[in-house]
Amino acid sequence: MIDLDLIDEDPEQPRTAENPGFAPESIAELAASFGPNGPKSPLSLRDHPDVPGRYIVNHGARRYRACGVKGLAQAPAIIDNDHNEDDQVIENVQREDMTPREIAAYIDRKMKKGFKKKQIADLIGKSPSFITQHAALLDLPEPIAKVFNSGRANDVTVVSELVTAYKKNPKEVGAWLEDENQEVTRGEVKLLREFLDDKRANEQGDRDPDTVDLVSGKTDNEAGNDVQGKESKQEKEVDPEKLKKAIIQVEHDGRPARLILTRRPPAEGYAWMKYEDDGAEFEASLTDVKLVALLEG
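Residues numbered from 1 in each chain as written. Predicted model: local features only at pLDDT ≥ 70, side-chain atom pairs only at ≥ 80, totals over all residues. Heavy atoms only, no water.

Chemist: Would you mind going over the overall build of the chain with me for this structure?
Modeler: For the chain, the count of helices and strands is eleven helices and eleven strands. Classification of the 297 residues of the chain by burial places 35% in the buried group. Excluding contacts between residues fewer than 6 apart, the proportion of contacts in the chain whose partners are at least 24 apart in sequence is 57%. Looking at the chain as shown, the accessible area adds up to about 18800 Å², and 50% of this sits on carbon and sulfur atoms. (Helix = DSSP H or I, 4+ residues; strand = E, 2+ residues; numbered from the N terminus. Buried < 20%, exposed > 50% of the residue type's maximum accessible area, 1.4 Å probe, protein only. Contact = heavy atoms within 4.5 Å. Areas by Shrake-Rupley, 256 points an atom, 1.4 Å probe, with all protein chains shown as cover.)

What follows is the structure, encoded as structure tokens:
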């Protein structure tokens, strides 16, 4: 065990400050996964060439920073003076992270042992929404499961987008996925969803206004007149202190999003949300979001 205040980071660290692995939220997640004695994997250090009694990090810069965030005074370490700058690059270039399928399989094993999603999130230092998104990979519609298992779609957000689109348009999405030359990326899936939304809107717009609704017994024109009459009455009774339709803007994982108020939450303390930048829908704990604004839609 080496005192943290005797350790210096390598000034020639090949990863820059802009590397996602050094982002504060990423370091915080790593720190949350540590036990009381710090990381299971020790840091690799070498003797400081100019200051006797001090050390420089060979490998484990993220673990070193996370120990500081965790508030630890010491970290487990090994001393390796047979080190050169190529070693750090080799370690990071050759490292292969777990795939989404491997993460989903791990979550599945833990859930079968009785672990709750929140417990699994705490175990590995990830957010509950991360666990929920990966757990959803265990029960995909067949066309999407086929694409995911074949490796054509490995992005969890893309898979989530596909599931949302498939629930509304199973035939169209299924046919789209059957084309093996079709790229399955965030951009392509976003275009697909926009196309399907426009198509559905056009089909509803082309409906014969004299078509009779079997539930109400009225034509679209008659129903529209009723709605207009109700709206006119409501307009006269509008309370200026009340919002007609509320839009709740939030921030999740540093990204702008909004609450989906028309979708039932999966559990108390959770809610469905939608990212503003790519339209991906997801469920997350309300403790993981920051309220930004309450607007009128």
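We are not done yet, so read on.
Chemist: How do you make sense of the packing of aromatic side chains when you look at a structure like this?
Modeler: Enumeration over the complete set of coordinates arrives at one aromatic pair. Ring geometry for tyrosine 275 against phenylalanine 282: centres 4.3 Å apart, planes inclined by 25°, an arrangement best described as stacked. For the pair tyrosine 275 and phenylalanine 282, one class covers both residues: buried. Between the NZ or CZ atom of lysine 110 and the centre of the ring of phenylalanine 115, over which it lies, the distance is 4.0 Å. Lying across the ring of tyrosine 275, arginine 255 places its NZ or CZ 3.6 Å from the centre. (Phe/Tyr/Trp six-rings, centres within 6.5 Å; stacked < 30°, edge-to-face > 60°. Lys NZ or Arg CZ within 6 Å of the ring centre and 35° of its normal.)

Chemist: Hey, could you run me through the side chain of arginine 46 in this one?
Modeler: Its location among the elements puts arginine 46 in strand 3 (residues 43-47). The contact partners of arginine 46, leaving out residues within four places of it in the chain, are Asp10, Arg54, Tyr55, Ile56, Val57, Asn58, Asp80, Asn81 and His83.

Chemist: Just checking my understanding: could you explain the nonpolar core for this structure?
Modeler: Proteins that are soluble and globular tend to have nonpolar side chains buried together. Ranked by size, the top nonpolar core spans 22 residues in total, and within it Leu140, Ile144, Val159, Leu162, Val173, Leu177 and Val184 carry the most contacts. Elements that contribute at least two residues to this core include exactly helix 7 (142-150), helix 8 (156-168), helix 9 (170-178) and helix 10 (186-205). No other element matches helix 8, which puts seven residues into this core. If near-sequence neighbours (up to four positions away) are discounted, valine 159 is found in contact with Leu137, Leu140, Ile144, Phe148 and Ala153. Membership of the second largest hydrophobic core comes to 18 residues, among which are Ile2, Phe22, Ile27 and Leu30. (Core = buried A, V, L, I, M, F, W, Y, C linked by side-chain atoms within 4.5 Å.)

Chemist: Would you mind showing me how to read the pattern of salt bridges here?
Modeler: Oppositely charged side chains are able to pair whenever their charged atoms sit close together. Tallied over the full model, the rule gives ten salt bridges. In this structure, arginine 54 engages aspartate 8 in a salt bridge whose closest nitrogen and oxygen atoms are separated by 2.9 Å. Placement of the pair is arginine 54 in the loop between strand 3 and strand 4 (55-59) and aspartate 8 in strand 2 (residues 7-8), with a sequence separation of 46 residues. On the basis of relative accessibility, which here comes to 23%, the residue aspartate 8 falls in the partly exposed class. (Salt bridge = Lys/Arg side-chain N within 4 Å of Asp/Glu carboxyl O.)

Chemist: Would you take a moment to explain the sheet that holds strand 4 for this structure?
Modeler: Strand pairs in the sheet, formed through backbone hydrogen bonds, run parallel or antiparallel to each other. Within the open sheet, the four strands sit side by side as 2-4-3-6. Their pairing is mixed. Of all the strands in the sheet, just strand 2 and strand 6 (77-79) have a single pairing partner and so form its edges. Where strand 3 and strand 4 come together, four bridges link them in antiparallel fashion. Along strand 4, the bridge assignment pairs leucine 45 with valine 57. (Pairing = 2+ DSSP bridges.)

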